[in-house]
Amino acid sequence: MADRLTQLQDAVNSVSNFALLGSVFPFPELADQFCNAIGVLQQCGPPASFSNIQTAINKDQPANPTEEYAQLFAALIARTAKDIDVLIDSLPSEESTAALQAASLYKLEEENHEAATCLEDVVYRGDMLLEKIQSALADIAQSQLKTRSGTHSQSLPDS
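Since the structure is predicted, the reported quantities are computational estimates derived from the model, not experimental observations.

K.L.:
Any details on the overall build of the protein chain? Residues and values, ideally.
P.N.:
Helix and strand counts for the protein chain stand at five helices and zero strands. In the protein chain, the succession of helices and strands from N to C terminus is α-α-α-α-α. A total of 159 residues make up the protein chain; the buried ones form 13% of that total. A sequence separation of at least 24 residues applies to 47% of the contacts in the protein chain between residues at least 6 apart. Summed over its atoms, the accessible surface of the protein chain is roughly 12,900 Å², and 59% of this surface lies on carbon and sulfur atoms.

Here you go:
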């Protein structure tokens, strides 16, 4: 997973590509969205008349899918813009000093240590439970073997 700054750069790049179609694309994600939008518009645009020839493709297409695609791509662009806002809000502020960041990291390390201790305890209890289950299964298997061997020996005719 990329850090927040890299995610922010990727999101900004995607928006910039949408606006810079036709020039050098430093932001591939939004450029892809823009190219998809243009492709859909070309696909779903009203057909040009070629001596009134109708094709099977034109008959199967819905009457006005352009409106749906325009809404879809507008939603994609709006969502990307919202993602950018969230990423910007999650970046450390200018007021954040090295001491504040170190204190935050220390707190995160403590939480991580507590979670690791809890996980170790859960794993230990799971191992103990697994041993009990395996022991119980071994006892069941032994009793089944004894029962079968006892039944087998009783069913044999005496000579």
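K.L.:
Quick one: what's the story with a negative patch on the surface, residue by residue and with numbers?
P.N.:
Residues Glu109, Glu110, Glu111 and Glu114 make up a contiguous surface patch of negative charge. With respect to the secondary-structure elements, Glu114 resides in helix H5 (residues 98–155).

K.L.:
Tell me about the nonpolar core, and name the residues and values.
P.N.:
Counting five residues, the largest nonpolar core is built from Ala37, Val40, Cys44, Phe73 and Leu76. Elements represented by at least two residues in this core include exactly helix H2 (28–44) and helix H4 (65–90). When residues in this core are grouped by element, the largest group, three residues, is from H2.

K.L.:
For a nonpolar patch on the surface, give the residues involved together with the corresponding values.
P.N.:
Together, Leu129, Ile133, Leu137 and Ile140 line one region of the surface with nonpolar side chains, adding up to about 380 Å² of accessible area. Within the element layout of this structure, Leu137 appears in helix H5.

K.L.:
I'd like to hear about the pattern of salt bridges, residue by residue, with values.
P.N.:
If the charged atoms of two oppositely charged side chains come close together, the side chains can form a pair. Counted under the stated rule, the structure contains one salt bridge. The partner of Arg125 in a salt bridge is Asp121, with the nearest N and O atoms 3.3 Å apart. With Arg125 and Asp121 both in helix H5 and four residues apart, the pair spans about one turn of that helix.

K.L.:
Describe the confidence of the model for the protein chain, listing the residues and the values that go with them.
P.N.:
For the protein chain, per-residue confidence averages 76 on the pLDDT scale, and 64% of positions sit at 70 or higher. For the protein chain, the element scoring lowest by mean pLDDT is helix H3 (residues 56–60), at 53; H5 scores highest, at 91.

Parameters at a glance
Residues numbered from 1 in each chain as written. Predicted model: local features only at pLDDT ≥ 70, side-chain atom pairs only at ≥ 80, totals over all residues. Heavy atoms only, no water. Helix = DSSP H or I, 4+ residues; strand = E, 2+ residues; numbered from the N terminus. Buried < 20%, exposed > 50% of the residue type's maximum accessible area, 1.4 Å probe, protein only. Contact = heavy atoms within 4.5 Å. Areas by Shrake-Rupley, 256 points an atom, 1.4 Å probe, with all protein chains shown as cover. Patch = residues over 30% accessible without salt bridge, like charges linked within 9 Å, V, L, I, M, F, W, Y side chains within 5 Å. Salt bridge = Lys/Arg side-chain N within 4 Å of Asp/Glu carboxyl O. Lys, Arg positive; Asp, Glu negative; His and termini not counted. Charge placed at Lys NZ, Arg CZ, Asp CG, Glu CD. Core = buried A, V, L, I, M, F, W, Y, C linked by side-chain atoms within 4.5 Å. pLDDT = per-residue confidence, 0-100.

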